[in-house]
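Residue-level structure breakdown
Listed below are the residues making up each chain.
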Amino acid sequence: MSSLRVGAIGGGQLARMMTPPAIHLGLEFKVFAESEGSSAALAATQVGDYNLVEVVADFAKTVDVITFDHEHVPLAVLENLEASGVSVQPPSKALAFAQNKLHMRQRLSLLGLPMPAWSEIKTAEELDAFIAQQNGVAILKTPIGGYDGKGVRVVRASADASDWLQNIENFGGSLLAEEKVDFVRELAQLSARSTNAEFAAWPLVETQQVDGVCSVVIAPAPRSTGALLERTSEIAKTIADGLGVTGVLAVEMFEARDGRILINELAMRPHNSGHFTIEGSVTSQFEQHLRAVLGLPLGSTAMREDYAVMVNLLGVDENNTFVEHFDKAMARHKAAKLHTYGKAARRGRKMGHVTVVSDSLDFALAEAKGAAAVLLQGI
Ligand SMILES: Nc1ncnc2c1ncn2[C@@H]1O[C@H](COP(=O)(O)OP(=O)(O)OP(=O)(O)O)[C@@H](O)[C@H]1O
Ligand SMILES: [Mg+2]
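Some remarks on the coordination of the magnesium ion (ligand 2)
In ideal tetrahedral geometry, four donors around a metal make angles of 109.5 degrees, whereas ideal octahedral geometry with six donors gives angles of 90 or 180 degrees. Taken together, E252 (OE), E252 (OE) and E265 (OE) make up the protein donors of the magnesium ion (ligand 2), found 2.1 to 2.8 Å from the metal. Metal-centred angles of 51 to 176 degrees between the six donor atoms at the magnesium ion (ligand 2) mark the site as irregular. Note that E252 is positioned in strand β14 (residues 247-256) and E265 in strand β15 (residues 261-267), a separation of 13 residues in sequence. Given a relative accessible area of 18%, E252 falls into the buried group.

Here it is, written out as structure tokens:
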């Protein structure tokens, strides 16, 4: 192989964080971004609309493989690329299940995988019947277009979702109702599968969500039995092989109070639960993703230290881009690795993260949270 050229669709922080390993490996890395000044604009960037077949096809001619920063590219656009011989990784037939949570539930049911009780909802009557079956409370989701907890709601009656039910065509004609899982914690199993079907899993992690948005990730997930670890990596492998996933696959899961391990959702790209791998693992999820979609051998997923803790930096207002507080944060928290994504500041927006690796979990937690607090509050 002389030159290896990867094109990522989407100019967000995930494409941005693929750039350093692409540079280290000497790959040609290009980004198809939705606008100028995107988070990934550090890479060679073309700006365009990913809904337009012709424009995406032109971009694809300049690379050897197309991959993704997000899962929103219409399947028809990807099928068109594939029909003309472009290597799309993950392929459209796999990505379809990351685009639509209802299709994902249907497909994983066929694989016999453990999930919360769920039902496809088309009418208020169906929703009320499901809520009654679930003892008066359920989780309702829009099957497409949700992220960071948008598109997820607790419902106690169909009236709680009248806006979604009235516009149900916008969500593909159906909603997804789920059992409200009584969980002790949320977990994520990150893995990668190459175009040669090589599979590698990182250690299971614990993820903590605030208002539906990932806030803290602890690697490896504390207090995990060998049986749990075996079970979650087996689930990831079954999904990766069964759906024909290539690249990084994140499987979000619940550990229910009654001991069940239940799959929440899938992402077929580097994922927030895997940012710790940049400093915490021998091979980061971003490097592994590039290797996997190019059909190169995968790297070791071993931890470099016993623990890694990642804390997300969500925007507080329109002025704080966190860079203003680097001085104080760096002076006080020398073990903290600071990451910002070059995004305009906005309340609630994922704008960066902090990672600390250590042989002490208590230290990693305190140092990462301490550094994040300085960046967020400036004190
Ligand atoms: N069935 C459920 N039972 C209990 N809590 C749930 C359920 N489904 C989702 N949640 C809570 O809502 C959060 C967001 O749900 P989900 O991951 O489906 O949405 P999303 O908006 O796609 O998230 P992401 O931020 O991962 O893009 C979950 O992390 C979990 O805390
Ligand atoms: Mg999620």
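Notes on the site of ligand 1
Around ligand 1, the structure places 20 residues, and the nearest of them are K101, K141, G149, E186 and E265. Between ligand 1 and E178, the relevant distance is 2.9 Å, taken from a nitrogen atom to a side-chain nitrogen or oxygen of the residue. Separating a nitrogen atom of ligand 1 from a backbone N or O atom of E179 is a distance of 2.9 Å. Out of a free accessible area of 620 Å², ligand 1 has 88% covered by protein chains.

Observations concerning the packing of helix α2 (residues 53-60) against helix α3 (residues 75-83)
One way to put it is that α2 packs onto α3 with a least axis distance of 10 Å and a crossing angle of 45 degrees. With respect to α3, the element α2 is oriented oblique. Note that α2 runs across α3; the crossing there is right-handed. Residues V53, V56, A57 and A60 of α2 form the contact with α3, whose own contacting residues are V77, N80 and L81. Residues that form the contact of α2 with α3 fall into these classes: six nonpolar, one polar and no charged.

Describing the sheet that holds strand β1 (residues 5-9)
Spatially, β3-β2-β1-β4-β5 is the arrangement adopted by the five strands of the open sheet, whose pairing is parallel. Every other strand in the sheet has two partners, leaving β3 (44-47) and β5 (87-88) as the edge strands with one partner each. The strands that helix α1 (residues 13-25) touches are β1, β2 (28-33) and β4 (65-68); relative to β2, the one it contacts most, it runs at about 170 degrees. Lying on the sheet, α2 is in contact with β1, β2, β3 and β4; it crosses β2 at an angle near 170 degrees.

Observations regarding the packing of aromatic side chains
The relation between two aromatic rings is expressed through the spacing of the ring centres and the mutual angle of the planes. Inspection of the entire model under this criterion finds three aromatic pairs. Between W164 and F171 the ring centres are 6.2 Å apart and the planes differ by 65 degrees, which places this aromatic pair in the edge-to-face class. With a centroid separation of 5.1 Å and an interplanar angle of 15 degrees, the aromatic rings of F183 and F254 are classed as stacked. With F183 in strand β10 (residues 183-193) and F254 in strand β14, this pair connects stretches of sequence that are 71 residues apart. Stacked on the ring of F97, the Lys or Arg R107 has its end atom at 5.9 Å from the ring centre. The lysine or arginine in question, K237, covers the ring of F199, its NZ or CZ lying 5.6 Å from the ring centre.

Concerning the environment of H339
You can see H339 is positioned in strand β17 (residues 337-340). As for H339 and G352, which are separated by 13 residues in sequence, their C-alpha atoms are 5.2 Å apart. At 2.7 Å, the side chain of H339 forms a polar contact with the side chain of E279.

Thoughts on the nonpolar core
L108, I239, V251, I263, L266 and M268 are the most contacted members of the largest nonpolar core, which has 40 residues in total. Looking at this core, the elements with two or more residues in it are α2, β4, α3, α4 (92-99), α5 (101-110), α8 (226-243), β14 and β15. Among the elements that take part in this core, α8 stands out by supplying six residues, more than any other. Here this core spans two domains, and each of domain 1 (5-88) and domain 3 (183-377) adds at least three residues to it. With residues near it in sequence (within four places) discarded, V251 still touches L187, A188, Q189, I235, A236, I239, I263, E265 and L266. Counting residues in hydrophobic clusters, the runner-up holds 21 residues, among them L4, F29, V31 and A33.

Here's the deal with helix α12 (residues 361-377)
Its 17 residues give α12 an end-to-end C-alpha distance of 24 Å, which sits within 8% of 24 Å, the value for a rise of 1.5 Å per residue. For α12, the complete set of buried residues consists of L361, A364, E367, A368, G370, A371, A372, V374 and L375. Each element contacted by the buried residues of α12 is listed here: β13 (213-219), β16 (307-314), α11 (326-332), β17 and β18 (350-358). The backbone nitrogen of D362 lies 3.4 Å from a side-chain oxygen of the residue at the head of α12, namely S360. One or two positions beyond α12, positive phi appears at G378, with a value near 70 degrees.

Observations concerning the pattern of salt bridges
As enumerated under the stated definition, the model contains 17 salt bridges in all. A salt bridge links D64 to R5; its shortest N-O distance comes to 3.0 Å. One end of the pair, D64, is in the loop between α2 and β4; the other, R5, is in strand β1, and 59 residues separate them in sequence. A relative accessible area of 23% places R5 in the partly exposed class. Among the salt bridges present, the one from R291 reaches E287, with a minimum N-O distance of 2.8 Å. Here R291 and its partner E287 are both found in helix α10 (residues 285-294), four residues apart, which amounts to about one turn of the helix. Taking relative accessible area as the criterion, E287 reaches 18% and is therefore assigned buried.

Cut-offs used in this document
Residues numbered from 1 in each chain as written. Chains lettered and ligands numbered in written order. Predicted model: local features only at pLDDT ≥ 70, side-chain atom pairs only at ≥ 80, totals over all residues. Heavy atoms only, no water. Donors = N, O, S within 2.8 Å, 3.2 Å for Na, K, Ca; no water. Tetrahedral: all angles 85-135°; square planar, octahedral: opposite > 155°, others 65-115°. Helix = DSSP H or I, 4+ residues; strand = E, 2+ residues; numbered from the N terminus. Buried < 20%, exposed > 50% of the residue type's maximum accessible area, 1.4 Å probe, protein only. Near = heavy atom within 4 Å. Polar contact = N/O pair within 3.5 Å; in protein donor to acceptor, adjacent residues only side chain to side chain. Areas by Shrake-Rupley, 256 points an atom, 1.4 Å probe, with all protein chains shown as cover. Axes fitted to C-alpha atoms, helices over the stretch in contact; angles between N-to-C directions. Parallel < 35°, antiparallel > 145°, perpendicular 65-115°, else oblique. Left-handed = near helix turned anticlockwise from the far one by under 90°. Contact = heavy atoms within 4.5 Å. Nonpolar A, V, L, I, M, F, W, Y, C, P; charged D, E, K, R; others polar. Pairing = 2+ DSSP bridges. Phe/Tyr/Trp six-rings, centres within 6.5 Å; stacked < 30°, edge-to-face > 60°. Lys NZ or Arg CZ within 6 Å of the ring centre and 35° of its normal. Core = buried A, V, L, I, M, F, W, Y, C linked by side-chain atoms within 4.5 Å. Domains from an automatic or database assignment. Expected span 1.5 Å × (residues − 1). Salt bridge = Lys/Arg side-chain N within 4 Å of Asp/Glu carboxyl O.

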